[in-house]
Amino acid sequence: MDRLKLKAVLGNHPHVQAVKGGALGSDLFDLDFIEYTPTNTAFKPMVREQAFDVCEMAIVTYLMAKAHGKPLVLLPATMMGRFQHSYALYNPAHGALGPSDLEGKRVGIRSFTTTTGAWIRGILANDYGVNLDKIKWVTFEDPHVAEYVDTTERAPKDKKVLQMLIDGELDAVLGETSNDPQLKSLFPDPAAEAAKWYSLRGVVPVNHLVVVTGQLAKSRPDVVAGVYDLLKRNKEQMGAAATLDLVPFGIEANRKPLELIVDYAFQQALIPRRYAVEDLFDETTRGLN
């Protein structure tokens, strides 16, 4: 069969550098990498136009794309995973605030449908008893999936989320970090909170995985399996994770985080139903480990 040239977008993660630099390759295909900075700016054209053959994608964006019938297929290849507790800020100049105090407050977030936002809202609702419907959400960008009806308040176009927090126009923000001494973490000790959460849940929150177009998956399942194998080989070259594996590969390694983010996305009405983990993949990718 002909050797394929695939348009690809992956972030500059350490565990993909050999693939992106050409040190690792395949006999079946070549990857033509297109750089997007930040990487999340590639998600919208991938969802809306299938602009690339292979693309890193936030898991909540993928879940929503699936719910709206977009022709994308998920690979169980995590590009970015992280604990989320340090991605929530408030301004103590306007009064003390903790994670249980957000009801009735104005909370800013880049887009309501971001994966980090979904993880943190899930933590707030399930671990702190916060009623998410009683928060006034202020957003700055459209969702990647055009069909999602966003009912949040949109910030004026000239406004920046962290500056609004500093100026007191927002009470808290999710999905951001800052070295500004005026701002503090919403969770008093994010590292301790994350360790406690992990001991309870046993889950490393995955943010970004990899998708391919439905067309590629149907026409060349061998190539799709080859893309996964290539990425996995690059990760294995990096050696074993020192403690926790923040970028799990394979269905079983990703099962618990996927089950939990599906739960959170369903609770937050980002998707219309809960998907079983197997339903997130196709015949080829379901067998990848």
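Quick look at the structure, then. Keep in mind that this is a model prediction, so the values were computed, not measured. (Residues numbered from 1 in each chain as written. Predicted model: local features only at pLDDT ≥ 70, side-chain atom pairs only at ≥ 80, totals over all residues. Heavy atoms only, no water.)

General note: in soluble globular proteins, nonpolar side chains tend to be found buried as a group. Residues Leu 63 and Leu 280 are the most contacted members of the largest nonpolar core, which totals 56 residues. Here this core gets seven residues from one element, more than from any other, and that element is helix α9 (residues 251-267). Phe 33, Leu 75, Val 212 and Leu 231 belong to the second largest nonpolar core, which has 26 residues in total. (Core = buried A, V, L, I, M, F, W, Y, C linked by side-chain atoms within 4.5 Å. Buried < 20%, exposed > 50% of the residue type's maximum accessible area, 1.4 Å probe, protein only. Helix = DSSP H or I, 4+ residues; strand = E, 2+ residues; numbered from the N terminus.)

This next bit is on the pattern of salt bridges. Enumeration according to the criterion identifies 15 salt bridges in this entry. Two residues, Arg 106 and Glu 153, come together in a salt bridge whose shortest N-O distance is 2.9 Å. Note that Arg 106 is positioned in strand β6 (residues 106-109) and Glu 153 in strand β8 (residues 153-154), a separation of 47 residues in sequence. With a closest N to O distance of 2.9 Å, Asp 222 and Arg 220 form a salt bridge. Residue classification places Asp 222 among the partly exposed residues on the basis of a relative accessible area of 32%. Each of Asp 142, Asp 150 and Arg 154 takes part in a single network of salt bridges with overlapping partners. (Salt bridge = Lys/Arg side-chain N within 4 Å of Asp/Glu carboxyl O.)

Now for the packing of helix α3 (residues 59-67) against α9. Where α3 contacts α9, the two axes come as close as 11 Å, and the packing angle between them is 65°. Relative to α9, the crossing made by α3 is right-handed. Residues Ile 59, Val 60 and Leu 63 of α3 form the contact with α9, whose participating residues are Leu 258, Ile 261, Val 262 and Ala 265. Looking at the contact of α3 with α9 residue by residue, the classes come out as seven nonpolar, no polar and no charged. (Axes fitted to C-alpha atoms, helices over the stretch in contact; angles between N-to-C directions. Left-handed = near helix turned anticlockwise from the far one by under 90°. Contact = heavy atoms within 4.5 Å. Nonpolar A, V, L, I, M, F, W, Y, C, P; charged D, E, K, R; others polar.)

Bringing the sheet that holds strand β1 (residues 4-9) into the picture now. The strands making up a sheet are joined through hydrogen bonds of the backbone, oriented either antiparallel or parallel. Reading across from one edge, β2-β1-β3-β11-β4 is the order of the five strands in this open sheet, with mixed pairing throughout. Each edge of the open sheet is held by one strand with a lone partner, namely β2 (29-33) and β4 (72-81). Direction aside, neighbouring strands of the sheet carry axes that sit 30° apart on average. For β1 and β2, the ladder comprises five bridges, and the chain directions are parallel. By the bridge assignment, Lys 7 is partnered in β2 with Asp 32. (Pairing = 2+ DSSP bridges.)

The quantities given are spatial measurements derived from coordinates; they are silent on function.
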